[in-house]
Amino acid sequence: MIKLILGLFYGLVYGIAHVIPGLSGGTFLVIFGCYDTVCEAFALNFKEIKKHFFFLLMIGIGTIGGLVGFVYAISFLFDNFGVQTSLFFMGLIFGGLPLIFNIATSEQRFKPICAIPFILGLALVVGLFLIEKSGAFENDITQTVDLGFALRIVIYMFIAAIAMVMPGISGALVLVAFGVYGTLIEAVKTIDLTVLAPATIGAIIGIVVGARLVLFLLKRFKLMVYSAIIGMVIGSAAPVFPQGAGLNAATLIGVFCFAAGFMAAFLLGKNEMKKKKE
């Protein structure tokens, strides 16, 4: 029962992360120790799906709840408690790092060459953030909904969905870059099927392709892939770092929010490491 409740929580965080440009849902799956399991499900490994069916079902329910239910809630939290909310997510990110290190080094230790994918992963995430912050990405496109527009939505969502599977990379930020983030958020709010239908098609194909690509790389280059993942996870703290942080009451409360997020992820990771040793 506890595992199912945790699955619902993991799904909620995963879904919420996809609503916020800069946050990576894949990062939190790694932090929670269920990244491989979810990737196997995304890659349509029916043996793994059957083995973890109810756990994956709860993650799925939580993800939908996070994506749909928190479109309004997260906007409210960031608008009114931006510093505290950002620091809580930062706490989750850093609190999960010990588990990622443990998973990465379960078979062999890091080597000096691992610094290369680590730096590349870090640079990729921070670079995307700096480009977005500079205003280089175009504003949301507005077009008549026709076959051409629907095809573009499929392609954009396909690429964003691959990013959503990758730890450290924000699928929402990719959609911002393509200029369709606002369009999709509004479609979720209004249940506009002319936009949601092609977006769903692109997302499903992208998630399957992305998951199979990640699993392929993990099976052959586990240490190198996790080195890049650690770089991307650490880099994902940059876009989450709160604007307005300083010597004020919001930051003081935010420190406690950071500690709460850190301890939540750390204890969940510690429990996951304990289960893996048993």
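Further up the page is the structure itself.
Cut-offs applied
Residues numbered from 1 in each chain as written. Predicted model: local features only at pLDDT ≥ 70, side-chain atom pairs only at ≥ 80, totals over all residues. Heavy atoms only, no water. Patch = residues over 30% accessible without salt bridge, like charges linked within 9 Å, V, L, I, M, F, W, Y side chains within 5 Å. Areas by Shrake-Rupley, 256 points an atom, 1.4 Å probe, with all protein chains shown as cover. Salt bridge = Lys/Arg side-chain N within 4 Å of Asp/Glu carboxyl O. Helix = DSSP H or I, 4+ residues; strand = E, 2+ residues; numbered from the N terminus. Buried < 20%, exposed > 50% of the residue type's maximum accessible area, 1.4 Å probe, protein only. Phe/Tyr/Trp six-rings, centres within 6.5 Å; stacked < 30°, edge-to-face > 60°. Contact = heavy atoms within 4.5 Å. Polar contact = N/O pair within 3.5 Å; in protein donor to acceptor, adjacent residues only side chain to side chain. Core = buried A, V, L, I, M, F, W, Y, C linked by side-chain atoms within 4.5 Å. Expected span 1.5 Å × (residues − 1).

**Q** What's the story with a nonpolar patch on the surface in this structure? I'm lost.
**A** Taken together, the side chains of Phe53, Phe54, Leu57 and Ile61 make up a nonpolar region of the molecular surface, amounting to roughly 400 Å² of accessible area. With respect to the secondary-structure elements, Phe54 resides in helix H5 (residues 53–80). Classification of Phe54 by relative accessible area gives exposed; the value is 57%.

**Q** Honestly, the packing of aromatic side chains in this entry has me stumped. Any pointers?
**A** Counting across every chain of the model gives 10 aromatic pairs. Here Phe262 and Phe266 contribute two aromatic rings whose centre-to-centre distance is 6.2 Å and whose plane-to-plane angle is 10°, an arrangement assigned as stacked. With Phe262 and Phe266 both in helix H14 (residues 249–277), this residue pair falls 4 residues apart, about one helical turn. For Phe262, a relative accessible area of 27% translates into the label partly exposed. Assessed through its relative accessible area of 28%, Phe266 is described here as partly exposed.

**Q** Any chance you could explain the side chain of Thr63 here in plain terms?
**A** Within the fold, Thr63 resides in helix H5. Excluding residues within four positions of it along the chain, Thr63 makes contact with Gly11, Leu12, Tyr14 and Gly15.

**Q** Hey, could you run me through the side chain of Thr85 in this one?
**A** On the secondary structure map, Thr85 appears in helix H6 (residues 82–95). Here Thr85 falls in the buried class, since its relative accessible area comes to 10%. In terms of polar contacts, Thr85 uses its side chain to reach the backbone carbonyl oxygen of Phe81, at 2.8 Å.

**Q** How should the environment of Arg109 be read in this particular structure?
**A** Along the chain, Arg109 turns up in the loop between helix H7 (97–104) and helix H8 (115–133). When the C-alpha positions of Arg109 and Leu223 are compared, they lie 8.1 Å apart, and in sequence the two are 114 residues distant.

**Q** Explanation requested: the environment of Gly254 in the structure shown.
**A** Its location among the elements puts Gly254 in helix H14. Ignoring sequence-local partners within four residues, the contact set of Gly254 consists of Gln84 and Leu87.

**Q** Would you mind showing me how to read the nonpolar core here?
**A** Proteins that are soluble and globular tend to have nonpolar side chains buried together. Counting 74 residues, the largest nonpolar core has Phe28, Phe32, Cys34, Tyr35 and Ile100 as the members making the most contacts within it. In contact with Tyr35, not counting residues within four places along its chain, are Gly26, Leu29, Val30, Val165, Met166, Pro167, Val214 and Leu218.

**Q** Help me understand unusual backbone geometry, please; the structure alone is not making it clear to me.
**A** Peptide bonds are trans in most cases, and residues, glycine excluded, mostly fall at negative phi. Its identity is not glycine, yet Leu44 carries a phi of approximately 65°, on the positive side. One can find Leu44 in the loop between helix H3 (35–42) and helix H4 (46–51). Looking at Leu44, the relative accessible area reads 39%, which means it is partly exposed. A positive phi angle, close to 55°, is found at Ile191, a residue other than glycine. Assignment of secondary structure puts Ile191 in the loop between helix H11 (181–190) and helix H12 (193–235). Residue classification places Ile191 among the exposed positions, given a relative accessible area of 60%.

**Q** How should I be thinking about the environment of Pro242 in this particular structure?
**A** Note that Pro242 resides in the loop between helix H13 (237–240) and H14. On the basis of relative accessible area, Pro242 is assigned to the buried category, the value being 5%. Through-space distance from the C-alpha of Pro242 to that of Gly82 is 6.7 Å; in sequence the pair is 160 residues apart. Once you skip the residues sitting within four places of it in the chain, Pro242 turns out to touch Gly82, Val83, Ser86, Leu87 and Met90.

**Q** Would you mind going over H6 with me for this structure?
**A** Since the α-helix advances by 3.6 residues per turn, residues separated by three or four positions end up pointing in the same direction. Between its terminal C-alpha atoms H6 stretches 20 Å, which fits the 20 Å expected from 14 residues at 1.5 Å a residue. Within H6, 11 of the 14 residues are buried, which leaves the element mostly enclosed by the surrounding structure. Restricting attention to buried positions, one finds in H6 the residues Val83, Gln84, Thr85, Ser86, Leu87, Phe89, Met90, Gly91, Leu92, Ile93 and Gly95.

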